[in-house]
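Reading the structure
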Amino acid sequence: MQAAITGLLVGAVHAFLLSLALLTKGKNAHASRYLAALVLSLGVLLLSSSASVAGYMRAHPHLIALDAPLPLLFGPLLYLYVRAITGVRTDGERTWLHAMPFAVYIAFLALGFWWRSPSYKLAFLDALMAGDEPLYVTISDLGKFALGIGYTGTALTHLRRH
């Protein structure tokens, strides 16, 4: 288990350093910002996973599900990055719409989960570990998967056309 924690931490540090390097890169800074945000969000997810594997979620239940919305950023950031590197303007009026699923999910978690007591969150974690996944978790996971596939397919289509 220690090797898994170390691997996740090394990946997180690598992602943070790569994000920093991308932000200081001068060429195509607009595209680099999207890629840096994508890599940074992956790094935060790796850091959270290492905390989970190390048992910190049990010791600090307020950390449970803080990373849950992050996968909703992966697809949109990849898509916006692809559009930026292919020369399509990505700073228009509607670019913020790509963040809507992330924002809605944050609101859902803020209203329905994050404010709950530590004992509630630990019971939730125990239920997940026992295979008793609430319906809203299943639905949100399917939504994250569908959104990721949709954005990846759209990005690939855009690359093929370019």
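Above this text sits the structure in question.
What comes next is a walk through the structure.

Rules and cut-offs
Residues numbered from 1 in each chain as written. Predicted model: local features only at pLDDT ≥ 70, side-chain atom pairs only at ≥ 80, totals over all residues. Heavy atoms only, no water. Core = buried A, V, L, I, M, F, W, Y, C linked by side-chain atoms within 4.5 Å. Buried < 20%, exposed > 50% of the residue type's maximum accessible area, 1.4 Å probe, protein only. Helix = DSSP H or I, 4+ residues; strand = E, 2+ residues; numbered from the N terminus. Contact = heavy atoms within 4.5 Å. Expected span 1.5 Å × (residues − 1). Arc of directions from axis to C-beta. Salt bridge = Lys/Arg side-chain N within 4 Å of Asp/Glu carboxyl O.

Brief notes about the nonpolar core
- In this structure, Y34, L77 and Y79 are the most contacted members of the largest nonpolar core, which totals 13 residues.
- Listing elements by their share of this core, those giving two or more residues are α2 (29-53), α4 (71-85) and α7 (135-161).
- Residue contributions to this core peak at seven residues, all from α4.
- Residues in contact with Y79, not counting those within four places in the same chain, are H98, Y151, T154 and A155.
- Ranked by size, the runner-up nonpolar core spans 12 residues in total, among them M57, A65, L72 and L125.

With respect to helix α6 (residues 118-129)
- End to end, α6 covers 16 Å across 12 residues, agreeing with the expected 16 Å (1.5 Å per residue, within 8%).
- Taken residue by residue, α6 has K121, F124 and L125 as its buried positions. When α6 is viewed along its axis, its buried side chains cluster within an angular range of 100° and face the same direction.
- Contacts from the buried residues of α6 go to α3 (56-59), α5 (100-114) and α7.
- After α6 finishes, the residue G131 shows a positive phi value of roughly 90°.

Description of the pattern of salt bridges
- Under the counting rule described, the total for this entry stands at two salt bridges.
- Among the salt bridges present, the one from D126 reaches R58, with a minimum N-O distance of 2.2 Å. Highlighted residues: D126 in helix α6 and R58 in helix α3, separated in sequence by 68 residues.
- A relative accessible area of 37% means that D126 is categorised as partly exposed.

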